[in-house]
2 protein chains.
Amino acid sequence: MELAPSPLARPFPDIPAIDGVTLRIARARYKDWDRCDLTLVEVAEGTGVAGVFTRNVCCSSEVELGRQQVKSGKARALVVNAGNSNAFTGYRGREAVEQIMGQVASGLGCAPSEVFVSSTGVIGVPLPKDKARAGIAAVLDAQPCSWEDGANTIATTDTFPKGAHAAAMIGDVRAEVGGIVKGSGMIAPDMATMLGYIFTDAAVAPAFLQECLSRANAGTFNAITVDSDTSTSDTVLLFATGKAGNSALQNWDSTGADAFYAAVEEVCRELAQLVVRDGEGAQKFITVQVSGAVSDESAHRVALAIANSPLVKTAIAGEDANWGRVVMAVGKAGEPADRDRLSIGFGGHWAAREGQPVSDYDEAPVAEHLKGSEISVEVDLGLGEGSATVWTCDLTHGYISINADYRS
Amino acid sequence: MELAPSPLARPFPDIPAIDGVTLRIARARYKDWDRCDLTLVEVAEGTGVAGVFTRNVCCSSEVELGRQQVKSGKARALVVNAGNSNAFTGYRGREAVEQIMGQVASGLGCAPSEVFVSSTGVIGVPLPKDKARAGIAAVLDAQPCSWEDGANTIATTDTFPKGAHAAAMIGDVRAEVGGIVKGSGMIAPDMATMLGYIFTDAAVAPAFLQECLSRANAGTFNAITVDSDTSTSDTVLLFATGKAGNSALQNWDSTGADAFYAAVEEVCRELAQLVVRDGEGAQKFITVQVSGAVSDESAHRVALAIANSPLVKTAIAGEDANWGRVVMAVGKAGEPADRDRLSIGFGGHWAAREGQPVSDYDEAPVAEHLKGSEISVEVDLGLGEGSATVWTCDLTHGYISINADYRS
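Positions within a chain are numbered from 1, following the residues in the order the chain's sequence is written. The order in which chains are written sets their letters, starting at A; the order in which ligands are written sets their numbers, starting at 1. Owing to the predicted nature of the model, reporting of local features is limited to residues with pLDDT of at least 70; listing and counting of side-chain atom pairs is limited to 80 or more, with chain, interface and lining totals taken over all residues.

**Comments concerning the overall build of chain A**
Each helix is a run of H or I in the DSSP string that is no shorter than four residues. Each strand is a run of E no shorter than two, and both are numbered from the N terminus. Helices and strands together make up the secondary structure of chain A, namely eleven helices and 15 strands. Overall size of chain A, expressed as C-alpha extent along the three principal axes, is 70 × 50 × 35 Å. For chain A, the residues scored as buried account for 61% of the 408 residues in total. Once C-beta atoms have been placed from the backbone, residue pairs whose C-beta atoms lie within 7 Å are recorded as contacts. Here the contacts in chain A between residues at least 6 apart in sequence split such that 80% fall between residues at least 24 apart. Three exposure classes are used, based on other C-beta atoms lying within 10 Å of a residue's own C-beta, which is placed from the backbone: buried for 20 or more, exposed for 12 or fewer, and partly exposed in between.

This is the structure:
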């Protein structure tokens, strides 16, 4: 975290201790830096796990293994290496992951398949096994640490630590849902250079836990984009220790299932938005709302075309209500649209209605809105009932500076 | 053309007069500027025409009308308005185009449907009819001008005028093919904020003329990208006056058809590459070559994913051989790829082979290559015989400056 915090940063929230979850951190020195870069989260015996992973076909060994491991629904530990993504490193990369799994399993007395590993950082350099071995030995002996320490330790190019919390009443049992996330560039559906870990003390059957995570993911982590690039390592895992004492949620009909899902979705949304707020070079947080589409899926694709358009993002960076660029982005999305029914607004003020500039258009309130740091772009396609919301940030000189200089 | 010429600019070529083609320019003052911004190209009676147009569904009236007009295969004139794209302007925009068509038809003694109109510039402001009327009156009376004058007059944010020329022997008749193009931002398949006009004195049946243009377009104008954004106005027209005196080309079996096609393709490729060379903020011209794909179409999509990746483009701007970002872009393309068969190189030097960094990788020649202004990225997917080439430019601070400031 060498850069100044993003102007869109939020303070780290109060996240209570979650029964059955213990965080520890250590220095593996994967890069030439003097900070903790290795995180171990131990979860209680009997913890269930669900996961969603990048769709990038050139994914890392960590992701390949994680996809397999999550099928069992059982977890005892999570390890996160920061500074080296270990992606595109062939068998040597895989050996490093398997070494970590074995070492942690020995330390905690569990099966290697119950140890989930993530790595984030530069692509193409095998994770150094000696550093990993020493780091794991150190972290197994470390004292428990705070959520904020964990959030700082999983970070790479992030400029502030990111966490979120919500609670749910499951019958008369209060369950906590807390999570941390890292990510700022290479962010796009599906999944981004984003690692997110959410923990709850609720008891939830693994199949239903997966259903909750997949559903929440669609409208949160999969509805953010910074630069349209999708990383090779993206992972979100949801761990449920069951220590809260509720009778395990089995499906949507279980008492408290809706409340639990709402808490998971709230945490996912907050974590996803925090990643956009740390978008590389971001000066403005942009909410793109599309309505009037032929379906929700179509609205989602149109919203992403707008949110990924460099011309729209640079216009907003320049505080320019250039709705013509929004028209262009709608038109290129490949979805049903009719120029003569299209309406576009900023901050609740229509600039164009039904295919033409608003005749008595007053740009003053729109210009005022665009000077702020929380921008909203509204598009009504005028065709149907489909709607979607996507979050992104503006495209600035900061993005170029960070990405033309950041290096292996 | 207020900006300094692109460092990748090429001098305007010698394009000979083409029999049956007369260019004239005038000042319509569509914007508050003191330069010619209205171009009229008169073509001889009997001229055939073919066209390809943007697939952006929010296209301009000019494009809607042009798509219809080109079906007849007949043309007598082309009008290009610079400074106002007349897109998203509803019935008022359409009326302005129809007024121009009628006025030119009266002046030249032809049918309005034989007058093709293009407009380029800001979206959402109806083309002012009074300025258009005065401008057309002036241009009808103007003296013939050079190709370079025409290329300068159709330009907007371009930093240098763009033209290309080739010749073909059709039997024992020499035919000329010459063209001009404008475009620098909002460039992506399919078609870009790009207006291209190609003229030949060959005699070619309209259906075959269209076949030649469509085929050439696929590997040239549709193989360039600057920023992944697709404009509402893109158009390429090919006019054949028939004045060279060859017997009209009817199909691929006609004598000289291959030579004619080769000349058309050469002009299209040169014009397309010139647009990339004027990419907003471009400092480096990048050729992305993908081989070993399961099909040519698959290779094309992978090449575009690389060429459109902001992280790849900023890495090259920073002269960083960050092949990990190329891996990421391959993986997100949604096409068949196998991490462990993938090879990536720069300037003819492999950085990674079959899923792993090259063991004796010498970065020096790659670093030297990346310091130049003509960069090549090679990807071998190792799966099949499909290949494709795409051209793009790097993503720099210049792009942000131009697009965060340029305004309606």
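Back to the text.
**Examining the sheet that holds strand S13 (residues 356-357) of chain A**
Residue and element names in this part refer to chain A. With respect to topology, six strands assemble into an open sheet ordered S13-S12-S11-S14-S10-S15, the strand pairing being mixed. Only two strands of the sheet have a single neighbouring strand rather than two, namely S13 and strand S15 (386-393). DSSP-based pairing: two strands are paired if at least 2 bridges between them are found. As judged from the four bridges shared by strand S11 (residues 343-346) and strand S14 (residues 374-380), these two strands associate in the antiparallel manner. The residue bridging Ile344 from the neighbouring strand is Val379, located in S14. Sitting on the sheet, helix H7 (residues 296-307) touches strand S10 (285-293), S14 and S15, and the angle it makes with S15 is about 25°. For helices, the fitted line uses only the C-alpha atoms of the stretch in contact; every axis is such a line through C-alpha atoms, and the angle between N-to-C directions lies from 0 to 180 degrees.

**Some remarks on the relation of the copies chain B and chain A**
Both copies of the chain are related by one operation, a rotation about an axis with a shift along it. The copies are overlaid by a least-squares fit using only the C-alpha atoms of residues whose pLDDT is at least 70 in both copies. The two copies are related by a screw motion: chain B maps onto chain A through a turn of 180° and a shift of 0.0 Å along the axis, at an RMSD of 0.0 Å. In symmetry terms, the pair is related by a two-fold rotation axis. Ranked by how close their C-alpha atoms come to the rotation axis, the residues of chain B are headed by His397 of chain B, at 2.8 Å. In this assembly, 100% of the residues forming the interface of chain B have copies in chain A that are likewise at the interface, indicating an isologous arrangement.

**A few points about the packing of helix H2 (residues 90-108) of chain A against helix H3 (residues 129-141) of chain A**
Residue and element names in this part refer to chain A. It is at 10 Å that the axes of H2 and H3 come closest, and there the two elements cross at 20°. The angle between the axes of H2 and H3 places the two elements in the roughly parallel class. Read as a crossing pair, H2 and H3 show a hand that is right-handed. Judged by residue contacts, Ala96, Gln99, Ile100, Gln103, Val104 and Gly107 of H2 engage Lys129, Ala132, Arg133, Ile136 and Leu140 from H3. By the convention adopted, Pro, Cys, Tyr, Trp, Phe, Met, Ile, Leu, Val and Ala count as nonpolar, Lys, Arg, Asp and Glu as charged, and the other residues, Gly among them, as polar. Across the contact of H2 with H3, the residue classes tally to six nonpolar, three polar and two charged. Between 65 and 115 degrees an angle is taken as roughly perpendicular, under 35 as roughly parallel, over 145 as roughly antiparallel, and anywhere else as oblique. Each crossing is labelled by how the near helix is turned from the far one, with a counterclockwise turn of less than a right angle marking it left-handed and a clockwise turn marking it right-handed.

**With respect to the sheet that holds strand S2 (residues 38-43) of chain B**
Residue and element names in this part refer to chain B. Here four strands make up an open sheet; going across it, the order is S1-S2-S4-S5 and the pairing mixed. The open sheet has two free edges, formed respectively by strand S1 (21-26) and strand S5 (115-122), since each of these has just one partner strand. For this sheet, the mean inter-axis angle between neighbouring strands, taken without regard to orientation, is 15°. Both S2 and strand S4 (residues 77-84) contribute to a ladder of five bridges, which runs antiparallel. Paired with Thr39 across the bridge in S4 is Val80.

**Let's talk about the pairing of strand S4 (residues 77-84) of chain A**
Residues and elements named next belong to chain A. A large share of S4 lies buried, amounting to eight of its eight residues. Pairing of S4 with strand S5 (residues 115-122) involves eight bridges; the strand directions are parallel. By the bridge assignment for S5, Leu78 is matched with Phe116. One crossover worth recording links S4 to the parallel S5 by way of H2, and it is right-handed. When the strands point away from the viewer, a crossover counts as right-handed if the path from the first strand over the helix to the second runs clockwise.

**Section: the interface of chain B and chain A**
Counting residues at the interface gives 50 residues for chain B and 50 residues for chain A. For the side of chain B that touches chain A, the secondary-structure elements that each account for two or more residues are helix H8 (310-317), helix H9 (323-332), strand S13 (356-357) and helix H11 (397-405) of chain B. Broken down by element, the side of chain B that touches chain A gets its largest block of residues, seven residues, from H9 of chain B. Within the side of chain B that touches chain A, the residues separate by chemical class into 22 nonpolar, 20 polar and eight charged.

**Comments concerning the environment of Asn246 of chain A**
Positionally, Asn246 of chain A belongs in the loop between strand S9 (235-240) and helix H6 (257-277). Considering only alpha carbons, one finds Asn246 of chain A and Ala202 of chain A, 44 residues apart in sequence, at a separation of 6.6 Å.

**A look at the nonpolar core**
Within soluble globular proteins, side chains that are nonpolar tend to cluster in buried spots. The nonpolar core is taken to be a set of buried Ala, Val, Leu, Ile, Met, Phe, Trp, Tyr and Cys residues joined by way of C-beta atoms within 7 Å. Residues Val264, Ile306 and Val330 of chain A together with Val264, Ile306 and Val330 of chain B are the most contacted members of the largest nonpolar core, which totals 273 residues. Per-element tally for this core: the top contributor is helix H6 (residues 257-277) of chain B, with twelve residues. If we skip the residues at most four places from it in the chain, Val330 of chain B touches Cys58 of chain A together with Val302, Ala305, Ile306, Ala337, Leu342 and Val379 of chain B.

**Some points on the domain arrangement of chain A**
Residues and elements named next belong to chain A. Where each domain begins and ends is defined by an automated method or by a domain database. Here chain A is described as being made up of domain 1 (21-277) and domain 2 (285-405). Contacts between the two partners involve ten residues from domain 1 and, on the opposite side, eleven residues from domain 2. Each residue belonging to the side of domain 1 that touches domain 2 can be placed in one class, and the counts come to five nonpolar, four polar and one charged.

**Thoughts on helix H5 (residues 206-219) of chain B**
All names here are of chain B. In a regular helix each residue adds 1.5 Å, so 14 residues correspond to 20 Å; H5 covers 21 Å between its end C-alpha atoms and thus fits that length. Within the sequence span of H5, burial applies to Phe208, Leu209, Gln210, Cys212, Leu213, Ala216 and Asn217. On its buried side, H5 packs onto strand S3 (48-53), strand S9 (235-240) and H6. Given a helix with a known number of residues, its expected span is that number minus one, times 1.5 Å.

**Examining the environment of Gly90 of chain B**
Among the structural elements, Gly90 of chain B can be located in helix H2 (residues 90-108). By the C-beta count within 10 Å, which is 17 here, Gly90 of chain B ends up partly exposed. Excluding its chain neighbours within four sequence positions, the residues that come into contact with Gly90 of chain B are Asp340, Gly355 and Gln356 of chain A.

**A few points about the confidence of the model for chain A**
As a per-residue measure, pLDDT tells how confident the predictor is, with possible values from 0 to 100. Summing up the model confidence of chain A, the mean pLDDT is 91 and the portion of residues at 70 or higher is 95%. Interface scoring of the predicted complex returns ipTM 0.74; its pTM is 0.82.

**Considerations on the environment of Glu64 of chain B**
Residues and elements named next belong to chain B. In this fold, Glu64 is placed in helix H1 (residues 61-69). Of the residues examined, Glu64 has 14 C-beta atoms within 10 Å and is grouped as partly exposed. Distance from Glu64 to Arg94, taken between C-alpha atoms, is 9.5 Å for residues 30 residues apart in sequence.

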